[in-house]
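In case you want the letters, here they are:
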Amino acid sequence: MQSLNIRKSYDVVVAGGGHNGLIAACYIAKAGRSVLVLEQQDKVGGTAVSEQLFPGIEAQLSVYAYLVGMLPQKIVSDLNLDFQFRQRDPASFSPFEKNGKHQGLLISNSSQSITKNSFEQLTGNLNEYDSYCKFHRLQKYLGKHIWPSLLEPMQTREEIKNRFQTEEEKLAWKLFIEQPLGVAIEEFFDSDLVRGLVLTDGVIGTFAHPHDPSLQQNRTFLYHLIANGSGDWCVPVGGMGKLTQQLVTQCQKFGVDILNCAEVIKINPDPEQAIVQFQYNNQESYVRGNYILANIAPKKLSQLLPGYEVVNDPKDVGSFVKINMVLSKLPRPRANYDSVQAFTGTFHINEGYQNIIHSYNMAIQGVIPEQPPGEFYCHSLTDNSILSPLLKAKGYQTLTLFGLEMPYTLFIPDNETNKKKVLALYLKAVNQYLLDPIEDCIARDENGDFCVDITTPVDVERKMGIPTGHVFHQALSWPFVESEEERGMWGVEIGFDNIFLCGSGAKRGGCVSGIPGHNAAMKILGY
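Conventions adopted
Residues numbered from 1 in each chain as written. Predicted model: local features only at pLDDT ≥ 70, side-chain atom pairs only at ≥ 80, totals over all residues. Heavy atoms only, no water. UniProt positions renumbered as here; feature names shortened; annotations may be inferred. Core = buried A, V, L, I, M, F, W, Y, C linked by side-chain atoms within 4.5 Å. Buried < 20%, exposed > 50% of the residue type's maximum accessible area, 1.4 Å probe, protein only. Helix = DSSP H or I, 4+ residues; strand = E, 2+ residues; numbered from the N terminus. Domains from an automatic or database assignment. Axes fitted to C-alpha atoms, helices over the stretch in contact; angles between N-to-C directions. Parallel < 35°, antiparallel > 145°, perpendicular 65-115°, else oblique. Contact = heavy atoms within 4.5 Å. Pairing = 2+ DSSP bridges. Left-handed = near helix turned anticlockwise from the far one by under 90°. Nonpolar A, V, L, I, M, F, W, Y, C, P; charged D, E, K, R; others polar.

An unreviewed UniProt entry lists the protein chain under the name Pyridine nucleotide-disulfide oxidoreductase domain-containing protein 2, from Cylindrospermopsis curvispora GIHE-G1. On record in UniProt, under Function (unreviewed entry), the comment for the protein chain is "Probable oxidoreductase that may play a role as regulator of mitochondrial function." Listed in UniProt under the heading Subunit (unreviewed entry), the comment for the protein chain reads: "Interacts with COX5B; this interaction may contribute to localize PYROXD2 to the inner face of the inner mitochondrial membrane."

Observations concerning the nonpolar core
Membership of the largest hydrophobic core comes to 131 residues, with the highest contact counts inside it found for Leu38, Met70, Leu142 and Leu293. The element best represented in this core is helix H1 (residues 19-30), accounting for eight residues. Residues from two domains meet in this core; each of domain 1 (7-47 + 68-83 + 236-312 + 469-523) and domain 2 (84-234 + 316-462) gives at least three. Of all hydrophobic cores here, the second largest spans 38 residues; its members include Phe207, Ile368, Phe376 and Leu401.

Thoughts on unusual backbone geometry
Each neighbour pair has its own omega, and for Asp89 with Pro90 the value is 5°, a cis peptide bond. Summarising the element assignment, Pro90 is placed in the loop between strand S5 (85-86) and strand S6 (92-98). Positive phi, close to 55°, is recorded for Asn80, a residue that is not glycine. Relative accessible area serves as the criterion here: at 52%, Asn80 is assigned to the exposed category. Positive phi values are uncommon outside glycine, yet Asn281 reaches one of about 55°. Along the chain, the position of Asn281 falls in the loop between strand S11 (274-280) and strand S12 (283-294). What makes Asn281 partly exposed here is its relative accessible area of 45%.

Thoughts on the UniProt feature "domain: Amine oxidase" (unreviewed entry) in the protein chain
Sequence positions flagged by UniProt for "domain: Amine oxidase" (unreviewed entry) are, in local numbering, residues 21-306. Within the segment residues 21-306, helix and strand shares are 41% and 20% respectively, and the terminal C-alpha atoms sit 21 Å apart.

Remarks on the packing of helix H16 (residues 415-431) against helix H17 (residues 457-464)
In contact at an axis separation of 10 Å, H16 and H17 are set at 135° when each is read in the N-to-C sense. Looking at the two axes, H16 sits oblique to H17. Residues Asn415, Glu416 and Lys419 of H16 form the contact with H17, whose own contacting residues are Val458, Asp459 and Arg462.

Focus: H17
Side chains three or four residues apart in an α-helix point the same way, a direct result of the helix having 3.6 residues per turn. Along H17, the residues classified as buried are Pro457, Val458, Asp459, Val460 and Met464. Looking at the buried side of H17, the elements it contacts are strand S13 (319-327), strand S16 (397-407), H16 and strand S17 (452-455).

Observations regarding the sheet that holds strand S7 (residues 101-107)
With respect to topology, seven strands assemble into an open sheet ordered S7-S6-S14-S15-S16-S13-S17, the strand pairing being mixed. Each having just a single partner strand, S7 and S17 make up the two edges of the open sheet. The sheet shows a mean angle of 20° between the axes of neighbouring strands, direction not considered. Examined bridge by bridge, strand S15 (residues 374-377) and S16 share four bridges and lie antiparallel to one another. Pairing of Phe376 across the sheet is with Leu401, part of S16. On the sheet, H16 packs against S13, strand S14 (346-349), S15, S16 and S17 and is oriented at approximately 115° with respect to S16.

A look at the environment of Gly495
Position of Gly495 among the secondary structure elements: in the loop between H17 and strand S18 (499-501). Sequence-wise, Gly495 and Asp212 are 283 residues apart; in three dimensions their C-alpha atoms are separated by 29 Å.

Focus on the packing of helix H7 (residues 181-188) against helix H8 (residues 192-203)
Relative orientation of the contacting elements H7 and H8 amounts to 160°, with a least axis distance of 10 Å. Classified by the interaxial angle, the pair formed by H7 and H8 is roughly antiparallel. As H7 runs across H8, the sense of the crossing is right-handed. Touching Leu181, Ile185 and Glu186 of H7 are Arg195, Val198, Leu199 and Gly202, all from H8. In terms of residue class, the contact of H7 with H8 is made up of four nonpolar, one polar and two charged.

Structure follows, in structure tokens:
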């Protein structure tokens, strides 16, 4: 336990030491201000952490967040972070069975001909491929025009819309911003497999129907397709914890004070200096700040900050399962592709369009989907630095699954029992496409137990304190404002002069991005 060796007053107090809080702290301290970070856990990083999950198996797994797409290079450069990410190739593999033969839709990041031939094998012609190319081209316009705005004061919907000048660009705006995502998907594609492949980016971490009138699925889709300005989601070299390590190093360099095991229990607003009350070492203490940054989910913040309220949408809950595994060998697919081709990118299972919708309908009725959609990928095929030399020599690999249509409400009745049911369903689902049963490939730890760890929204709520285990803290927002009065804001404002959000629940938040942390710092520093 750290000793309570902190000042009673700081320029800025950051409540919550996730990556956004650390990024905000770095920017502000670099500008010469005093900063304190209070973190409830025994270490900082939030969900951007790596751990050795299995005894005797030296693999540093990205336990929660696992791919990087929304972290701007500007933040990495501004803070001099030694943090890199690599593109995966192939991008994705979707196994299917046609006329009794196992095949796969392989989408390459480096070879157009591979992707083209794979589409032709799936559909028998190039119509779907041509539609996919056009759809992908339209997506690019959103990255081109929206990505550069995320580290700037917010503009209005009309201002952002006016950036889309050509007929194709205007079509992209209409398809992805103004109407339910399902309309565009059904208009462009005939193949159920391709429709589902496209839809996944709209429902990953989000519990929504493709035709949901709230357009929540559109906003999730938008953030995924504008990643890095190009839609590329990359592997963090060294694991997600490498980002946190680098941020801690820079915080130390700039003189940020960090207090772990400090649970914020109340924030008292005051126009001069707000007061943060916290529990530390079984004692209640407090600290004052000219500014308070809340790297806390809005629902949680509403319990701590008098006068701050959020709308409670019962459908806006965490929706995922995360399964981390270490394998002694990669399984071989039934389709005529090697294991590296199949598992380097995203290996889609049960992600046909109609099955995703069917799974959503089952889940909304409180029933675990019978064929749950999900996607695997192998981090260590792109970056094996997370494995010890011994594991590399033995040919070990990691495998991560992110499951869709798995809302918080499914796990509330009996989290442990339902975790086991869901795990069995996913292993069964992937086995239908493998020559080697996945169970024969999973490594065992020093105790003889399978190297498998499964996390649900209930687990995230209990371990990380995020209400309903929502990976984005709450439904993602549009990256623009609707009124002229909000124009020029940073998306972190919550109605107080000296208290701001700096986490995923801010506007333009969500994902491992650092964007809310940067923007909160800019707000305080007067940019």
